[in-house]
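Structural description and commentary
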Protein chains: 2
Amino acid sequence: MDKHQVTFQPDNVSIEVDHGTSLLKAANLAGIDLASTCGGKGTCGRCAVKVKEGKVQDEAKGNLPPRLRKSGQVLACMTHVAGDVVVETTADTRLREHRVLTGNKGLLAEKQVDLLAGNAFQPLVKKLLLTLEPPSVTENASDLTRLEGELRKITGHQHFRIDWPVIRNLAEHLRQSDWQVTAVLADYNDEPQVLQVLPGHDRIPPYGLAIDVGTTTVVVALVDLESGRVVDQAGTYNRQSRYGDDVISRMIHSTEENNGLRQLQEAVVSTINDLIATLLQRNNIHHTRVYLVVSAGNTTMTHLLMGSTPRYIRLEPYIPTFTRVPTSSAGELGLNVLPAAPVLNFPSVASYVGGDIVSGVLVSRVAESEEPVLFIDIGTNGEMVLGNREWMVTCACSAGPAFEGGGIACGMRAMDGAIERVEIDPGTHDVRLSVIGGGKPVGICGSGLIDCLAQLQTAGVIDRAGKFQHDLPTPRLRSVDGDMEFVLAWASESGVNKDITISESDVQNLLRAKGAIFAGIRSLLHMVSMEMPDISKVLIAGGFGNYLNIHDSVAIGLLPDLPPEKYEFIGNSSLKGAEAALLSKPAWLKVEELGRMMTYLELSVGTTFMDEFVSAMFLPHTDLSLFPSLLDQSSLKKASNL
Amino acid sequence: MDKHQVTFQPDNVSIEVDHGTSLLKAANLAGIDLASTCGGKGTCGRCAVKVKEGKVQDEAKGNLPPRLRKSGQVLACMTHVAGDVVVETTADTRLREHRVLTGNKGLLAEKQVDLLAGNAFQPLVKKLLLTLEPPSVTENASDLTRLEGELRKITGHQHFRIDWPVIRNLAEHLRQSDWQVTAVLADYNDEPQVLQVLPGHDRIPPYGLAIDVGTTTVVVALVDLESGRVVDQAGTYNRQSRYGDDVISRMIHSTEENNGLRQLQEAVVSTINDLIATLLQRNNIHHTRVYLVVSAGNTTMTHLLMGSTPRYIRLEPYIPTFTRVPTSSAGELGLNVLPAAPVLNFPSVASYVGGDIVSGVLVSRVAESEEPVLFIDIGTNGEMVLGNREWMVTCACSAGPAFEGGGIACGMRAMDGAIERVEIDPGTHDVRLSVIGGGKPVGICGSGLIDCLAQLQTAGVIDRAGKFQHDLPTPRLRSVDGDMEFVLAWASESGVNKDITISESDVQNLLRAKGAIFAGIRSLLHMVSMEMPDISKVLIAGGFGNYLNIHDSVAIGLLPDLPPEKYEFIGNSSLKGAEAALLSKPAWLKVEELGRMMTYLELSVGTTFMDEFVSAMFLPHTDLSLFPSLLDQSSLKKASNL
C-alpha cells in the first residue's frame, strides 16, 4: 500500500501513514491531540484543520460550520490522505493543558487531619525495620519461615501474602546486611502483603498514588505514606479524548473498533504514566518506592482502566461487569511504579454512579451527617447522592456534554482561552467577558455558558423557553442559516480570528443539560418524599462545580433555590477520597460499606424523571414556586420599575 | 568475533558458534544432550567425543581415561572450537530415554481408591454448570455480583478469588449462551479461585497434572479430575543434567555461572513443557483444559523450578529460602497449561529432605501406622523417614552419585544398555550379565553395581574392606595404572567397543555410598532409641529402589537385615502423592501438617553419623551382629565345607 507523509503545523511533526488514512488518525499517530467529541464520526465538528499543501480526499460531509468550510478548513476525521500533505492545526481544535483542580498540595502536618475525613491515620503501606536472628545448624528454619515469624511477632497478623518476586531475592537480601532488612507491608485487607524486602534498614519513606480518573481529566497525587503529606500533584486531560469526548463515544469506540478497548486502556494508562513520570522526576523518587495505588473513577473509566468492556453499561438494562473491583497490581495494568504495588479501585454503585462518587461521599462525610445532605457532581453526567447517616439514595442523569463545551458551537473545556464569566448590559447589550488565563477568548466553557444563559435572559435576549428575540437594536444579534445567534466576542477581539457566538440551538442544549440535573434532584427527593427545603446542605464536587456561579446557576434553574450558605464547594472530592483511603485503612474498609449502603434509582424506570425533565426545560422552571427567591427579586424588580 | 560451524554426528545436526566455544556448550546449543556429571569442569570424564574433522583447541587437561585419549577422544567440556568442526558422539556419552517409573497409568475406577491413600475423593478443581437469572433494570446487580451470588448458593463458600483475565471476558461469556455458563473452580485452601468462566454448559472434564521433578528424571501424569483417572503419563530425563548430574553441581552452576539460575529454571520448565505437549497431543486435549499442577521435588529442584537460588542450601548452616511453598501459577512459571492454573508444590522439611519425601510419606501412610515404619528413598542422596502416627524423624545422607552411575568408571543410569544384574561364578570367575533392553552392555547401573559388589565378595575377588585380591587365576582381574580392576564384559561383547570394568576405586565409592545410607538409618534409630528389629516395615521408594535386589542389598550392608516380607517397593511415591493431592483436598490439606510433623535430624551435628559411617564402610559392616541372617548363612556354608 502507498505510504504518504503527513506534516502537522505549527508543531512541524511528520508521520508516515497508509494512503487513505484520515487526518484525525494521522494526528493521533503523530501524537497531536485534536479535539473530537464524537470520536471521529463527523458529527461534532471539532476537529477542523486546514490542508496547506498536498492531496487529500475530502468526503465533504460531516458537521463543519459553513464559515469554517469557506475559510478552507476541513474535518480531520472526514478527510483522507491521498499524497504527502501539510496540515495546519488551530488553537481551538487542539487539546491543551486543563485547568485541573489539585487542592491539598503541600499540606501542612496539622491540616492532614482534614484530609482523613475523620478516619484514623493508618496508611495502607508501612515499612518495618527488622533484625532477624541468624540461622544455625540447629536453628535451621527456612528464610521465609524466619521472616514470617518476625512479622507475626511485630504485627500480630498470622498470615502474610508474599509473592515470588519477593521470595526469589529473599536469601540474598536477608544476608546482605547481616539479617537486618526492611519489609514493606501493604495492609488493606485481612491478609497483609509483603511487597518488598530490602537489605538493611531503609529510611526512605514509602509513597503511594491517589488517582482521579476522570472522563476529561486525570489527576495524580503523590503521597508520602509515612508523614501523610501530599507531596505533589499533577493533572492533564485524559488521552482517551482522542477517541471521543464523553463516556458514550468511548464505549462505542471500545465496542465497535478493532482493538478499541485496548486502545482506550493504553490511552488512560499512558496518561497516568506520564503524570507519574512528572511527579517522580520532580521529586527525585525512584518508581520502585511507590507501593500502592488507589484510583477513583466513574464506572466506565474504571472498566476501561481495568481493560474490561463497558459494552453492557450502555445497553439496557445497563449492567456493569463489576461494581466491587477486585485488586489488581501495577505490573498487571502497566503502571510504572513497583510492579507488585496493589491497585485498589473505589467500587461503583451502578453503571452510572461510579467510584468517583463513592470517593466523594467518603470525604464529604455524607454518611455521617444527621440531616439530609445533597452531594452533586456535575459533568457530562450529573451524579448525585441524597442522604444522611441512615440512608442514601443516588442517581445519574445524562446532562450531555454541554457544560463541558460539547454540542455548543463555540463551547470548550475550562482551559486557557475559555470565557468563564459573561456580563451583558440589559440596555446596550454590550458584553464584558472574563477569560481563563487572561488572554483573548477562543471559546466558552461551562461556567461561562451558565452566566451567559442567565445574562441573556436578564438582558431580554431570550425568553423563558430559550427563544431569541428578533427585534433588538444590536448588531450582536443575527440570524445565520436560519438559526439565531448572539455574538459574545467579535473576530477582531478573539484569539481565533472568528466571532465567538451562542446560538438558539446552543441554548436548547444548555436547557436540556440543566433540566436533566434539576430533574434528577427532584426525582431523588420524590423517592424519599422530601422537598427542596429539607436539604440541609448542598455539596458541589468536581472540576466544573468549582467555577460555578451559584446565583446564576439558581437563576437558570440548574440548582435548587436554597440560601447561598447551604452551598459548599468541595473541589475534586474523588481525588481527596483516594488520598484519604491511602492514609487510612479504616477509611478504605468503610468504602465498600458505603457502596453497598447507597440505593440506586434508575431514572429510566417510571415516569417521574421524564415529567420533571419536561417541567425543567424552562428558565428557571415551569413551576416558579420552586424558586421563591427569584420570584421575590422579580417582584422587587417589577416594583422598582413601576 | 569469528563464527564456526560445528556438526554433530551421528545426528548430523549443525550449529554456528563463536570461536572458542566449548564443544559441550555447542552440543547444548544444538540440542545434543551429552552426559556431564561435573557440569563442565573436566572432572567427571563423561562427555568424551571424537573430533573427526576441523580445528579445535584442546586444553589437554581434565579427567579423561588414557585409553579413550589414545583412541582419539577428547572431553567436550575442555575442547574449544577453532574452526569448522565435525564431532562424533558415542552411545555411552549421550543421555537417552530413561527407564522411568510410571505405574498407575490407565487405572481402573475401582483402583482409584488406592491412589487416594485413604483420603476422600474431592478433586482440587471442579466444573460447576450454572444457570443465572438474567438482569433487568430493577434487578441490576453487576455481572460479577450475580456470578458470586450463584457460586455462594451452590458451594456454601462466602468469598472467591477471581482474577482479571476471568473478569475481562465475563460480560461476553455470561451473555453468549443466555446466562448459562460453566465456572471452573480451584478449591485447595480457604478461598476457592474461579479459574475460568466458559459460555454454555461445558462437559469436557477438567484436567490436572501431577509432576515428580527429580534431579535425574521428570515424570508428568495427566489426571482427569472428574473421574479421578490417571489418563496418561510421560517421563524423561531432567534437561538440567546438561549442567551437572547431581544437586550439588546444579547449585554450583546456579550460583557461579552468569544466568545459571535462569538456565536451570528454563531447563526444567522446558523438560516439563515437552512432557505436557506429548501428553496433551497424545490425548487430544487443549492446554487451557489443564487447570491445576501439583509438583513434588527435592528442596533444590523446587527452588530451581521456582527460580529461587539454592545457594544457601549448599552452604553451612544449609538454609533453604522456603520450605512451605507459596502458590504460583502456570503463567508465572511458563508452564504451557491454562496460565491461571495454580501450581502447588509439596513443602520441604529441610534443605535435604524435600517435597518428594513429604509426598512419599503421604501416599505410604507412614503417619497413619501404629508401628514404626522406615520410608527410604535412595538416589544421589538417601532420604529416610522413620515414624508412626505419633512421631516422625527424618534425615538425608549424601550417598553420592555412585548408585546412579556417577563416579564409577563404567557407571551409568538405569537406561537401555545398562547392566542391571551380575552373577560371578566363584570357581571360574565367569560372569553372567543381565542388560536393560536386552542388547549389548554399555555400562553398569545402580542395581547392577550392588549385585556386582555382593558377587565380587562371594567369589572372593574382594575382601570385606573392598580390597582386591591380586592372585586370582583369571584374566578378568588386572592392574591398570596401579588400580586393580575386574572385567565384567570384554570389549568384543560390549556395545561401546571397550572393556566394561569395575575397579578398586569404584568399589570404594560404592562402599561410601552404601555406608552413608546405612549410617543414616542407624542415626535415626539412635535418635529415637530403637533398634533395627523394631522397624515393622521398610518402604523403598524411587526409581532406583524399584530395581533393587533386597538379598544383595542386605548382603553388602546397604539395607537392614530384616525378613524379606518386611520390605515393600512403593515405586514413584513422589508422583503418586502428587496425584493423590490433585484428587483430594483433604490429602492436600494434610500435606502441610505432615511437613511440620517431621523432626529433621541434621547429620552434621554431633558424631553419631560419622561413627556409624566409618563402621559401615565394610562388607556388610564392622559389627556383624547387625546382620544375623548373613552370619547364619556363613556358618552354614562353613559347616557344609567341613
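Reading the values: the criteria
- Residues numbered from 1 in each chain as written.
- Chains lettered and ligands numbered in written order.
- Predicted model: local features only at pLDDT ≥ 70, side-chain atom pairs only at ≥ 80, totals over all residues.
- Heavy atoms only, no water.
- Domains from an automatic or database assignment.
- Contact = heavy atoms within 4.5 Å.
- Buried area = accessible area lost by both parts, 1.4 Å probe.
- Salt bridge = Lys/Arg side-chain N within 4 Å of Asp/Glu carboxyl O.
- Polar contact = N/O pair within 3.5 Å; in protein donor to acceptor, adjacent residues only side chain to side chain.
- Nonpolar A, V, L, I, M, F, W, Y, C, P; charged D, E, K, R; others polar.
- Disulfide = S-S within 2.5 Å.
- Helix = DSSP H or I, 4+ residues; strand = E, 2+ residues; numbered from the N terminus.
- Pairing = 2+ DSSP bridges.
- Axes fitted to C-alpha atoms, helices over the stretch in contact; angles between N-to-C directions.
- Least-squares fit on C-alpha atoms with pLDDT ≥ 70 in both.

**Examining the domain arrangement of chain A**
Residue and element names in this part refer to chain A. Per the domain assignment, the segments making up chain A are domain 1 (3–93), domain 2 (124–199), domain 3 (366–399 + 512–630) and domain 4 (402–510). Listed per partner, the contact involves five residues of domain 1 and eight residues of domain 4. Summed over both partners, the interface of domain 1 with domain 4 buries about 610 Å², with 46% contributed by carbon and sulfur atoms. Along the contact surface separating domain 1 from domain 4 lie zero salt bridges. Counting the contacts that link domain 1 with domain 4 gives zero residue pairs in polar contact (both at pLDDT 80 or more). Each residue belonging to the side of domain 1 that touches domain 4 can be placed in one class, and the counts come to two nonpolar, no polar and three charged.

**Quick look at the state of the cysteines**
All names here are of chain B. Enumeration according to the criterion identifies zero disulfides over all chains in this entry. With no disulfide of its own, C77 lies closest to C47 among cysteine sulfurs, the gap being 3.8 Å. Not engaged in a disulfide, the cysteine C410 finds its nearest cysteine sulfur in C452; these two sulfurs lie 10 Å apart.

**Considerations on the interface of chain A and chain B**
Each partner contributes to the interface: chain A provides 44 residues, whereas chain B provides 43 residues. In this assembly, chain A packs against chain B so that about 3500 Å² is buried in total across both faces, 59% of it on carbon and sulfur atoms. The largest share of the area that chain A buries against chain B comes from A:V137, A:W164 and A:R168, three residues that together contribute 21% of it. Applying the counting rule to chain A against chain B returns four salt bridges. One salt bridge in this structure joins B:E148 and A:R324, with 2.5 Å as the shortest N-O distance. The set of elements that each furnish at least two residues to the side of chain A that touches chain B consists of helix 4 (143–155), helix 5 (164–176), helix 9 (311–314) and helix 10 (330–333) of chain A. With eight residues, the single largest contributor to the side of chain A that touches chain B is helix 5 of chain A. Class assignment for the residues of the side of chain A that touches chain B results in 21 nonpolar, 13 polar and ten charged.

**Regarding the sheet that holds strand 20 (residues 392–398) of chain A**
Paired through backbone hydrogen bonds, the strands of a sheet run either parallel or antiparallel to each other. All names here are of chain A. Strand order in the open sheet made by the six strands is 28-27-18-19-20-29, with mixed pairing throughout. Edge positions in the sheet fall to strand 28 (567–571) and strand 29 (598–600), since each of these pairs with one other strand and no more. In this sheet, adjacent strand axes meet at a mean angle of 25° when their direction is disregarded. One ladder, built from six bridges, connects strand 18 (residues 373–378) with strand 19 (residues 381–387); its direction is antiparallel. Bridging from a neighbouring strand, I376 pairs with M384 of strand 19. Sheet contacts for helix 13 (residues 504–527): strand 18, strand 19, strand 20 and strand 29; angle to strand 20, the most-contacted strand, approximately 155°. Relative to strand 29, helix 16 (residues 585–597) is tilted by about 40°, and along the sheet it contacts strand 20 and strand 29.

**Here we look at the relation of the copies chain A and chain B**
Placing chain A over chain B gives an RMSD of 0.1 Å and needs a rotation angle of 180°, together with 0.0 Å of translation along the axis. Taken together, the turn and the small shift mark the pair as related by a two-fold rotation axis.

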